[in-house]
Every structure is written in structure tokens, then in C-alpha cells.
Amino acid sequence: MVLIPLTYLLVRASENGWEVFFNILSRPRTVNTLLTSFALSLVVAAGSLFLGVSMALILGKTNTPLRRLLLVLMPLPLAIPSYVIAYSYLAINPFLNGFWISALILILATFPFVAIPTYALIRRINLNQEEVARTLGLSPISVLTKIIWPQVRVASFAGALLSGLYALSEFGTVAFMRLDTFTRVIYTTYRATFDRSAAASLGLMLLMVSLFVVFLERRFRGTANPSQTMSKSGGILKIGSWKYLALLFVLTIYFLTLALPAYVLISRTLQVSAEINLNNILSLTFNTALVAFLGATIALLLAIPVGVLSARFNSKFARFLEKSLLITHALPGVVVGLALVALGARYLPSLYQTIYLLAFAYALLFIANSLGTVRSSLEKIPVKLDEVSRSLGQTFGQTFKRVILPIASPGIFSGWLLVFVTAMKELPATLMLKPTGFETLSTSLWTATSISQFAQAAPFALALILIASVPSYFLNRPNLAEKDAMRENSLI
Amino acid sequence: MFKKTLFVAILISALTIAACSTSTTPASDESTTPSASAQSIVVYSGRNENFIKPYFDEFEAQTGIKVESRYGDSAELAAQILEEGANSPADVFLSQDAGAIGAVAAADLLQELTPESYAAVPSQFTDPSGFWTGITGRARVVAYDPELIEADDVPSTIDNVLQPQWRGLIGIAPANASFQSFVTAMRQVRGDESTLEWLKALAANDPVIYEKNSQMIEAIDAKVIGLSLTNHYYAYEVAESLGKTLIVKNGFFEPGDVGNLLNVSALGILSTSKKTGAAYALLEYLLSVETQQKFVSGTSEYAVLPGVNPPGDMPKLEDLGIPDVKLGDLSDVKRTQELLTEAGLL
């Protein structure tokens, strides 16, 4: 399934002969933009790692006030198309441009990839270990580095990888900030020459860069600690008056990533008296949510088997499967879109331009977002539980349903949520694969912003944020087991 | 347990709703006789929905033919049609510029239009081989900041843009189709070598590179740059969407200068379409005098029909000083892109 875009790229690229491929590869601009993209990817991954872990720690492990509310906001930056954030920054200061501001925007837009899984793991950290550490006299900082970090490290790095791959595929922000990246080369090749073969060659090069990024992440992330005994969890560190600084930090981040764009959009709406058609927005919201829902579910149905394979069997095949799903994430939506157009129009005409193929495209594009959380939530379950269940006579299927699934479900649900939120704002593949006449919030947003009608655009952007906050609210409510644990530790 | 059941319930209802809603969208290959009794046509439109949909709605009110329209970037739509090939559901391609539609024509995916259907359009705005026709005109201009530059000091020829006083002040959008059409036109008039020299000299003058034309207009208004090579209607479009008057003004080069290129939005009918009758009805509607006048007053574009008034305070079509360029040949954008890359602008 993941071979679809790859096959497409190989077929198109080879149409013009491989000399053309090497010709393009050797152009100075190609090399420059590849390096720029690669550098951007690394900086965004590192920045997102730092910011995401900080946010998760502050909201998950400290007694900073307003935690509950701030948690609900955490996935929301993923719901806003990054070009909207870029545009609003430009509206405040039209002189902004270049590498560092692009990196900053992308970090702000993708830190939830790190923050969400890290937070989920932090909430499950074995309290016994912490208590032992503290009785042994370790300072909070040491608890952090010696106990907490090793356990969340894998999930955090997986999230940082997603940020890095996203930075490779992203086009809107770098276009506004006038940064010449490799995706820009791909886009201009498609737009200017309709030469799908040259653009396909470039797509292959991008895949190779992303493979390298994935490889780097594997080297740095270390190994998971799978068999933790599941006991008390959820301890809170009291950090005294540092908590106000922490609160300020979190609020600043949310301001930069949510409040500022909202402010710009709303103020532009007020400048022009635009009529807001509520009926229209409701039906667009429904459409958007529907396809994103289907896409996220398909993605999850595919991610769970892969996660089980990785977590339980850790075979070469499982690792290969994961890697290939991840690098698809680095492909710009236009490439995956055209691959599916070619497939759909020529071989599956009854599915072409239906919401099912579109949902499948979303699953393909974003399944990477759920792999990390699914895998780490499955890894957390001690193998002993499986073995006990099997020795009591349950089959693997029953074990899965009655033992593994309930424990892993918060992680699985957050994986689903990540795909859902990012699918809602997807644009290029949606434009090509959606049924004619079927509009989503993201296509309507694009329609308005491409002719600078930002007043019309504002309600759509705000609606995107609102829908994203619904599942996000459910994600962060502690479930019953956690509530018991917290009561035990007299934290409620 | 409750959460899981809720989740499953939502999933099942979502699937049912999805199945129902897709079964009510009409199949695009209803086999009716290819005459004007066809109920609907599928249009792939590179023209923005907010601009063109009112026209489609009026067309439906007048003729009863429903337009099912798909919107996107003209070049991406062209790439999509090329990928779809003979299985394309599109009947009509409405492109924002001549380049994109030229590529589709070159792949033999358009049918030759009957001469009567576009007889009223001057030949300089149509495809010499007859596969597409222009619908509206888009003039290249030099947009500028009148507080910084006096009207008389605006560069009078495209070569004057290369002068040192404009260093770092010029905005261009080299990835944009309109700019590339302009460079292709220059190649037609001056030849590839001379064009490459001009591009290199421009690159040496530190132009500020943008992705979109509307960005450049906003940049002029914010005084980030002083002038830009763009299309005439962006000044109106951006002013309207921001809801305020901009300082930006449109300036022109000497008559006949290649910088005054007039590009066209164009319509072609797919050769695989079974609804040619309805497609020609749409063409007739778009080329009618009333509709052409609406293009002028509604979106500030030029009409291709002679005798229709120009938009806003723009000069008449005849007075624009358009260079003598064959629009049909502007689809050879590949070589243009190579030159731009060689000059370091792309």
C-alpha cells in the first residue's frame, strides 16, 4: 500500500530516462535546496523536541496552575494550516522572512507531535521508582534526567521525527517566508512545466533525504524500556514559585501559535463587513469531520497491526514497514495526490473522486503520525500480562481484546487524534481527490486566502480549531484507573 | 466500555452517512444524447471559486445546465488532467493562463473548437490551432508606490528595470505562471540568448522574490519594496479583500514593450467529453457581451471581445500598447524555466 507513491514516482521518473534524473541532481540549486530542506528538518525536529518535552513536563509533572485547560489546547496548533500562521506573522511584520522564522513557525506548529505522546507516557511513569529515587535523596532535576527522561525518550524522539519529516514536506510557510527549499523546487517544476517526470525525480530525492532523517532518529533515540510493572502513576512535582514562570512560558507559546493567528484573522474580518453563512460553515464542518474521521480510522486499523508487530516481535520486516510508512510522511501532498489520481482514474474508476479514496489518501499521508504513539503504548504493556492471559487459556485475539486494547487505548486514541487533526487541514491531495462539489473547511479556506479574502477565511480557520478541540478534550481527561491512582496518592 | 461503544456507534453512523451521501451525487457519466438536453457538465476551473461561481450559477439559471466544478491551481489541474488521461471526468477546462491549457492541448486531450463558437474573439487571443480560446484578458503592469516613485520616473521600458536605482526595490514572482508567460513572450520577441542576459542582469539587481502576486501588492503598500512586475487586477483585488484603499498604482511601459504583455484566461473542451453541446453553451455564455461586461466590472479583468469598456481607470485594450506576441506559443514554459534557473532566479 505504501508502495503506491513510490511506484508512481519510479514510473514517472524513469519516463524521461535516468540521465535527466542525474542531470537535475547535479544542478547547484538542487543541492542547495536539498541542504536547506535537510537543515530545516533537523532544526525543526530539535526545536520541537525541546519545546514538546518542556510543555509535556510542565503540564504533566508540575503543579503549574490551569493545567487542565492548557492541556486541552495542546493538540490545537496541529489544526491550523501552517500557512495561516505564516500569513498572520507577515501581517504583523511584513519584513519577516528566511530560515529561522520558518523554523520557528514550523516548531510552533508541530510541537504537539512530541508533546502529546510524551505527556501520555509521563502520566504513566511508575511512581514507585520516583519515590525510591527521592528517598535516596535525588534532586528533582536528577529524577528528571535519570528516571523520567529514559522512559519518555523513545516517544519524544518519535514525535520529533514527525516534526522533521513534516518540515521536509511543508510548502505554505516556506513560500510565505520566501525560503527556497526542496519542496519549492518540486512545486515549481509541477506548476511551470507540467513535467511530472522531472518532478517525480525530485520526489524520489526527497524520499532519500527523509530516509536519512529517519536513520538519524533511530540512532539517537535509544531503546524502549518495555516491561514496567503497572502500578501507581501520576506523581506531581511541586516546583514552588517557578510555577508562575512555567505558566508564563506555556501561555506565551499558545499566544504565538494560536492567539496571534486568530487575532489577525478576526481583525481582518472586522475590517471588511463579510457576511458569514452559518449553514454553509456547518455543512463544511460536517464534510471535513467526516472524511478526516474515516481517514483516521483507516489509518488506525493499519497502524495497530504494524504497532503490534513492532512492539511484540520487532522483526526486520516490522521495522521496514514502519520506515516506509514514515518516509511517505515526508512527501508533499501534491505527490501523493497525483499518485492516487493516476491509480484511481486509470485502475479504480468507481472509487476515483469519492470520499473513500480521499480517506485512504489521508490514511496514507498521516499514518506516520499514529505509529509512534501506538507502538509505544503497546510496548508499555509488560509481556508478562500476555503470557498470563495465554496461560489462562485465552487466544491471541482474545488477549488482544481484553488485555492489550484496554490498557493501550489512551495511546491508540491519541494516535487516532493526531491523524484526525492533521487530516482536517490537508490541502493539495484533497483538492485533487475529493468528489466534485464536495468542499471541506480546508479547501474553502484555501479558496478565500488565495485571493486574499481573509475576511471570508477567518470563520473557516476558527472552525478548524474548534472541531479539533472536541476530541482533544476527550484525550486529556484522565480515565478511571488514573483517577483511582491519583486518589490513592492524595492528589485529588 | 461506554467510550468504546460510543466510538463504534459514531463509526457506523459515519459510514452509513458516507454511503448515503455518495449515492446521491449524480454520476458524471449519465448517458444522455450529446446535445443541449444534457443536465450537467464537469468543469475543472483554475479560476478561483469565489470569482467564477456566480457566473456558473447564472449560466445554470439561464440554461438549466448544472455546472459541477472542481477548483484548483491551473497547473495542478492540468497535471491532474494529464494523469487522468482518457478517463478524465472533466468536460471543460477553464485555465487561468494560456500556458496550462497549452500543455493539455499538446497532449491531445482537447478537441478542436468549431470556428463559429469563438469567431468574435480577436485571433491574437486564441490558439492558432483552434483547441482553446481566450475568455478574459490579464495585462502585465509595473505596480508601484507613488509616494516613493513619481509617475514620470516609473521605468518606461523593461530594460530600464535593470537600472541601479531600483536595486533591492523590485518584487518579482518567478515561480508564478504569469511571470513565466512574460519571460516566454520575451524569448519569442528577443530570442533565448538575449532573454537570458536580461534575466541575469535582473538577478544582479537584487530583486525580492515572492511566491504570490498578492503578497507583492501588500509589500508595496507596506513599503517593503517599491515596485513589482505583476498583473493589473491584483491592485484592485487586494484592496477589496483588505477593505481599504491602497497606495499602489499600476504603471505601464512604452507601447509595444514586451512588458505590456496581455495574457488570457482560456477555455478548452476535453476530447473525451460526451457533453459537447452543453460545453459549447457554456462557451457561448462566457463570450456573450453581458458576461464579458460583468468580468470587467466584477473582477476588474479585460474582456476579450472588442468594444467592451476597460476595467476601472485602466486604459482601453487598444491603448495598452500590447506587444505583438503569439499567445499560443506561450506554453513552452519548460525552456523558460531552464533560463530562469540558469539566471539564478528560480
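Remember, predicted model here, so these are calculated numbers, not experimental data.

## Observations concerning the overall build of chain B
Phase 1 of the analysis: When helices and strands are tallied, chain B shows 11 helices and 10 strands.
Phase 2 of the analysis: A burial count over chain B gives 52% of its 346 residues as buried.
Phase 3 of the analysis: Within chain B, contacts between residues separated by at least 24 positions form 76% of all contacts whose residues are at least 6 apart in sequence.

## A few points about the overall build of chain A
Phase 1 of the analysis: Helix and strand counts for chain A come out as 23 helices and zero strands.
Phase 2 of the analysis: Sequence-distant contacts in chain A: of pairs separated by 6 or more residues, those separated by 24 or more amount to 86%.

## Looking at the interface of chain A and chain B
Phase 1 of the analysis: Residue-level contacts link 43 residues of chain A with 52 residues of chain B.
Phase 2 of the analysis: Ranked by the residues each element gives to the side of chain A that touches chain B, the list is headed by helix H16 (residues 333-347) of chain A, at six residues.
Phase 3 of the analysis: Its residues assigned to classes, the side of chain A that touches chain B shows 25 nonpolar, 12 polar and six charged.

## Considerations on the domain arrangement of chain B
As a measure of interface size, the accessible area lost when the parts come together is often cited.
All names here are of chain B.
Phase 1 of the analysis: Per the domain assignment, the segments making up chain B are domain 1 (38-136 + 263-314) and domain 2 (138-261 + 328-342).
Phase 2 of the analysis: Computed from C-alpha atoms alone, the centre-to-centre distance between domain 1 and domain 2 is 26 Å.
Phase 3 of the analysis: Each partner contributes to the interface: domain 1 provides 23 residues, whereas domain 2 provides 14 residues.
Phase 4 of the analysis: Among the elements that take part in the side of domain 1 that touches domain 2, helix H4 (residues 98-106) stands out by supplying six residues, more than any other.
Phase 5 of the analysis: When the residues that make up the side of domain 1 that touches domain 2 are grouped by side-chain class, the tally is nine nonpolar, 11 polar and three charged.

## Thoughts on the packing of helix H14 (residues 278-313) of chain A against helix H19 (residues 396-424) of chain A
Residues and elements named next belong to chain A.
Phase 1 of the analysis: Relative to each other, H14 and H19 sit at 140°, their axes nearing to 8 Å. Overall, the two elements H14 and H19 adopt an arrangement that is oblique. Here H14 and H19 pass one another in a crossing that is right-handed. Contact with H14, carried on its side by Thr288, Ala292, Phe293, Gly295, Ala296, Ala299, Leu300, Ala303 and Ile304, involves Ile412, Gly415, Trp416, Val419, Phe420, Ala423 and Met424 of H19 and no other residues of that element.
Phase 2 of the analysis: Residue composition of the contact of H14 with H19, grouped by class: 13 nonpolar, three polar and no charged.

## Observations regarding the pairing of strand E4 (residues 133-144) of chain B
Residues and elements named next belong to chain B.
Phase 1 of the analysis: Within E4, 12 of the 12 residues are buried, which leaves it mostly tucked inside the rest of the structure.
Phase 2 of the analysis: As paired strands, E4 and strand E9 (residues 262-269) are joined by six bridges and run antiparallel to one another. Counted as the bridge partner of Ala139 is Leu262 from E9.
Phase 3 of the analysis: Examined bridge by bridge, E4 and strand E10 (residues 302-303) share two bridges and lie antiparallel to one another. Each bridged residue has a counterpart across the sheet, and for Thr136 the counterpart in E10 is Ala303.
Phase 4 of the analysis: In this sheet, strand E7 (residues 227-231) lies alongside E4 in antiparallel orientation, the contact comprising five bridges. Within the sheet, the bridge partner assigned to Val141 lies in E7 and is Thr230.
Phase 5 of the analysis: Pairing analysis gives three bridges linking E4 to strand E8 (residues 249-251), with the strands arranged antiparallel. What sits directly across from Val142, in E8, is Gly251.

## A few points about helix H8 (residues 234-242) of chain B
The α-helix advances 3.6 residues per turn, and as a result positions three or four apart in sequence lie on the same side.
Residues and elements named next belong to chain B.
Phase 1 of the analysis: Counting buried positions over the nine residues of H8 gives seven, a clear majority of the element.
Phase 2 of the analysis: Listing the buried residues of H8 in full gives Tyr234, Ala235, Tyr236, Glu237, Val238, Ser241 and Leu242.
Phase 3 of the analysis: A positive phi of about 70° marks Gly243, the residue just after H8.

## A closer look at the confidence of the model for chain B
Residues shown with low pLDDT carry predicted positions that ought not to be read at fine detail.
Residue and element names in this part refer to chain B.
Phase 1 of the analysis: Averaged over all residues, the pLDDT of chain B equals 84, while 88% of them reach at least 70.
Phase 2 of the analysis: Averaged pLDDT values over the elements of chain B bottom out at 54 in helix H1 (residues 2-24) and peak at 95 in strand E3 (residues 92-95).
Phase 3 of the analysis: Note that pLDDT drops below 50 for residues 20-36; the model gives that stretch 19 contacts with residues more than four away or on any other chain.

## Some words on the environment of Asp206 of chain B
All names here are of chain B.
Phase 1 of the analysis: Here Asp206 lies in the loop between helix H6 (192-204) and strand E6 (208-209).
Phase 2 of the analysis: Accessibility expressed as a C-beta count within 10 Å gives 11 for Asp206, which makes it exposed.
Phase 3 of the analysis: Once the C-alpha coordinates of Asp206 and Leu162 are considered, the two residues, 44 residues apart in sequence, prove to be 9.8 Å apart.
Phase 4 of the analysis: If near-sequence neighbours (up to four positions away) are discounted, Asp206 is found in contact with Arg167 and Gly168.

## A closer look at the environment of Ser48 of chain A
All names here are of chain A.
Phase 1 of the analysis: Within the secondary structure, Ser48 is located in helix H3 (residues 28-61).
Phase 2 of the analysis: Using a count of 30 C-beta atoms within 10 Å as the deciding quantity, one classes Ser48 as buried.
Phase 3 of the analysis: If we skip the residues at most four places from it in the chain, Ser48 touches Ile107, Thr110, Phe111, Phe113, Val114, Ala160 and Ser163.

## Digging into the nonpolar core
Phase 1 of the analysis: With 257 residues, the main nonpolar core has Met55, Ala361, Tyr362, Ile367 and Phe420 of chain A together with Val92 of chain B as its most contacted residues.
Phase 2 of the analysis: The element that contributes the greatest number of residues to this core is helix H17 (residues 355-379) of chain A, accounting for 17 residues.
Phase 3 of the analysis: Counting the residues that make up this core, at least three belong to each of domain 1 (38-136 + 263-314) and domain 2 (138-261 + 328-342) of chain B.
Phase 4 of the analysis: Excluding anything up to four places from it in sequence, Val92 of chain B contacts Ile41, Val43, Leu267, Ile269, Ala279 and Leu282 of chain B.

## Focus: unusual backbone geometry
Phase 1 of the analysis: The phi dihedral of Arg178 of chain A is positive, around 55°, even though this residue is not glycine.
Phase 2 of the analysis: As for its position among the elements, Arg178 of chain A is in the loop between helix H10 (172-176) and helix H11 (182-193).
Phase 3 of the analysis: Within the chain, Ser300 of chain B stands out as a residue other than glycine whose phi angle is a positive 60°.
Phase 4 of the analysis: With respect to the helices, strands and loops of the structure, Ser300 of chain B is situated in the loop between helix H10 (289-299) and E10.

The rules behind each value
- Per-chain numbering applies: the sequence of each chain, read as written, is numbered from 1 onward.
- Each chain gets a letter, beginning with A, and each ligand a number, beginning with 1, in the order they are written.
- Totals for whole chains, interfaces and linings use every residue, but because this is a predicted model, local features are given only for residues with pLDDT of at least 70 and side-chain atom pairs only at 80 or more, for both listing and counting.
- Helical segments are the DSSP runs of H or I of at least four residues, strand segments are the runs of E of at least two, and each set is numbered from the N terminus.
- Exposed residues have 12 or fewer other C-beta atoms within 10 Å of their own C-beta, buried residues have 20 or more, and partly exposed residues fall in between, where C-beta atoms are placed from the backbone.
- By the criterion used throughout, residues are in contact when their C-beta atoms, derived from the backbone, lie within 7 Å.
- For this scheme, ten residues count as nonpolar: Ala, Val, Leu, Ile, Met, Phe, Trp, Tyr, Cys and Pro. Four count as charged, namely Asp, Glu, Lys and Arg, and the remainder, Gly too, count as polar.
- Here the limits of each domain have been adopted from an automatic or database domain assignment.
- To get an axis, a line is fitted to the C-alpha atoms, and for a helix only the part in contact is used. The angle between two axes follows their N-to-C directions and goes from 0 to 180 degrees.
- Angular relationships are summarised with four words: roughly parallel below 35 degrees, roughly antiparallel beyond 145, roughly perpendicular across 65 to 115, and oblique for the angles in between.
- Crossing handedness follows the turn of the near helix against the far one: under a right angle anticlockwise gives a left-handed crossing, and clockwise gives a right-handed one.
- Should DSSP find at least two bridges between two strands, the strands are regarded as paired.
- Per-residue confidence from the predictor is given as pLDDT, running between 0 and 100.
- As used throughout, a nonpolar core is a set of buried Ala, Val, Leu, Ile, Met, Phe, Trp, Tyr and Cys residues joined through C-beta atoms within 7 Å of each other.

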